[in-house]
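Coordinate analysis (summary)
Residues per chain, in single letters:
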Amino acid sequence: MHISKSQIADWTAMRHRLHRAAEVANTESRTKYRIIRRLKSIHPDNLLSDLGGTGVAAVFNGKKEGPTVLLRAELDALPINEDIELEYCSTTEGVSHKCGHDGHMAMLFGAAELLSKNRPKRGRIVVLYQPAEETGEGASRVINDPNFNQIQPDYVFALHNLPGFEKHHIIVKDNVFASASKGLIVKLQGATAHAAQPENARTPALAMAQIIQGLSAAPQLYVPLEESAKVTVIHAKLGEIAFGTTPGNAIVMATFRTHSKAAMDTLSERSLRMIAGIASSADLDVSSEWVEEFPATINDAGCNTHVRLAALENKLDLQDRQHAFPWSEDFGHFTQIAPGALFGLGSGVHQPALHHPTYDFPDEILPTGVKMFVSIVNRILNHA
Ligand SMILES: [Zn+2]
Ligand SMILES: [Zn+2]
């Protein structure tokens, strides 16, 4: 596949412009307009906007009927202040592209550009730019948008750049690629009293401490040995800072992670029962809420074969991972509705970690991601 220097320069400039205009989840309207403008310039057969919020999808038809291959990128940046000198620094105070979604967007455009000029024999390609990946809301909102029917995919693919891996390396894993995760908010309500008379209060102090301990021990207590699970208590608050008052309320927040839905369901249900037991024995009212739910990203074996062969075709090094990544990706919603694969693209061994204030997507890997997407699509819509 031929990629010209001017195309690479154009995709790089596109990434820099997106980087400058960084927007957090659910506010990606400037980014959306930029993407729409670029996509219009390559004449899609259909262009959908405002999917699940600010989502955009462009459809490129092959020469005859066939399956739909959906490629996905993310529109959102992070509420992190940019702590690195760049010519194209984010102009949004306290917000910057620290997950490389600017690079993902430019690579997806590059693939769409090449495929639009060289249509596959059959089927159609959908390039989807989804909002709000970082908060785990975007993918499910896009899928539940009535207009998503128009782009219902038969196969779904996405990549994520991965610091800590050699640039241009392709990282694959069969079955579970990224973990399931969700947040739990527990609110305990008792009653305050004077600090001199805690016997007249219903203080949640001891229950809060027991819940923190109980949640920390929950994977050990409730999840079988062959499964993986973690619970991280991320926040807790008891009453107010008032030395004259016995506290009357408390809050505990934790993140749950597993590799399977079954383990997540067991862990969640048993943890809630444990919390209810602790609250009731302390005579407290309790309410629990789940937030930021990400299902596990499950790779389909056949789709992963296409990823492997695409890497081979482009003479890229392939790394097979033994274990699923501990972090989550809301691409897991897409692999629940169609066979697909998420793969990693190494972004440099010495690159700062994703979400680090000094991270920046390395432009050198832009053409690598473009080639991978184009090869995967051609394997499915031209060869098979
Ligand atoms: Zn991220
Ligand atoms: Zn990301």
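Given the structure is predicted, the values throughout are model-derived calculations rather than measurements.

1. Brief notes about the domain arrangement of the chain
Looking at the chain, the domain boundaries give domain 1 (5–179 + 296–383) and domain 2 (184–293). Using C-alpha coordinates to define each centre, domain 1 is positioned 37 Å away from domain 2. In this complex, domain 1 contributes 7 residues to the contact, which on the side of domain 2 involves 7 residues.

2. Points about helix α6 (residues 261–281)
Here α6 spans 30 Å end to end across 21 residues, near enough to the 30 Å set by a 1.5 Å rise per residue. Of the residues making up α6, those classed as buried are A263, M264, L267, S271, I275, I278 and A279. Angularly, the buried residues of α6 cover 115° about the axis, an arc narrow enough to put them on a single face. Turned more than 90 degrees away from the buried face of α6 sit A262, D265, E269, R273, S280 and S281, all of them exposed. Positive backbone phi, approximately 60°, marks D283, located one or two places after α6.

3. Focus on helix α1 (residues 5–20)
Spanning 16 residues, α1 covers 23 Å between terminal C-alpha atoms, matching the ideal 22 Å at 1.5 Å per step. Of all the residues in α1, the buried ones are W11, M14, R15, L18 and H19. All buried residues of α1 project into a common sector of 140° when viewed along the axis, lining one side. Facing away from the buried side of α1, by more than 90 degrees, are the exposed residues K5, S6 and A9. Each element contacted by the buried residues of α1 is listed here: α2 (29–40), α3 (101–117) and α9 (366–383).

4. Notes on the sheet that holds strand β12 (residues 249–258)
Sheet strands line up and pair through hydrogen bonds in the backbone, either parallel or antiparallel. Taken together, the 4 strands give an open sheet; going across it, the order is β10-β12-β8-β13, and neighbouring strands pair in antiparallel fashion. Unpaired on one side and paired on the other, β10 (229–238) and β13 (285–294) mark the two borders of the sheet. Direction aside, neighbouring strands of the sheet carry axes that sit 15° apart on average. As paired elements, strand β8 (residues 180–189) and β13 share 8 bridges and run antiparallel to each other. Of the residues in β13, the one forming a bridge with L184 is W290. Sitting on the sheet, helix α5 (residues 205–222) is in contact with β8, β10 and β12, with an inclination near 165° to β10.

5. Side note on the pairing of strand β5 (residues 155–162)
Across the 8 residues of β5, 8 count as buried, placing the element largely inside the fold. Burial of β5 is two-sided: the residues Y155, F157, L159 and N161 facing one way and the residues V156, A158, H160 and L162 facing the other way are all buried. Relative to β5, strand β3 (residues 64–74) runs parallel, the two sharing 3 bridges. Residue pairing for β5: V69 is matched across the bridge by Y155. Summarising the sheet, β5 and strand β16 (residues 340–346) pair through 7 bridges and their orientation is parallel. When the bridges of β16 are listed, A158 appears paired with L342.

6. Concerning the sheet that holds strand β1 (residues 46–51)
The strand order across the open sheet built from 8 strands is β1-β2-β4-β3-β5-β16-β6-β15, with neighbouring strands paired in mixed fashion. Strands with a single pairing partner mark the edges of an open sheet, and in this sheet they are β1 and β15 (318–320). Along the sheet, successive strands turn relative to each other by an average axial angle of 25°, direction set aside. Against the sheet, α3 makes contact with β2 (55–61), β3, β4 (122–130) and β5, and its axis sits at roughly 160° relative to β3, the strand it touches most.

Thresholds, definitions, all that
- Residues numbered from 1 in each chain as written.
- Chains lettered and ligands numbered in written order.
- Predicted model: local features only at pLDDT ≥ 70, side-chain atom pairs only at ≥ 80, totals over all residues.
- Domains from an automatic or database assignment.
- Contact = placed C-beta atoms within 7 Å.
- Helix = DSSP H or I, 4+ residues; strand = E, 2+ residues; numbered from the N terminus.
- Expected span 1.5 Å × (residues − 1).
- Buried ≥ 20, exposed ≤ 12 C-beta atoms within 10 Å, placed from the backbone.
- Arc of directions from axis to C-beta.
- Pairing = 2+ DSSP bridges.
- Axes fitted to C-alpha atoms, helices over the stretch in contact; angles between N-to-C directions.

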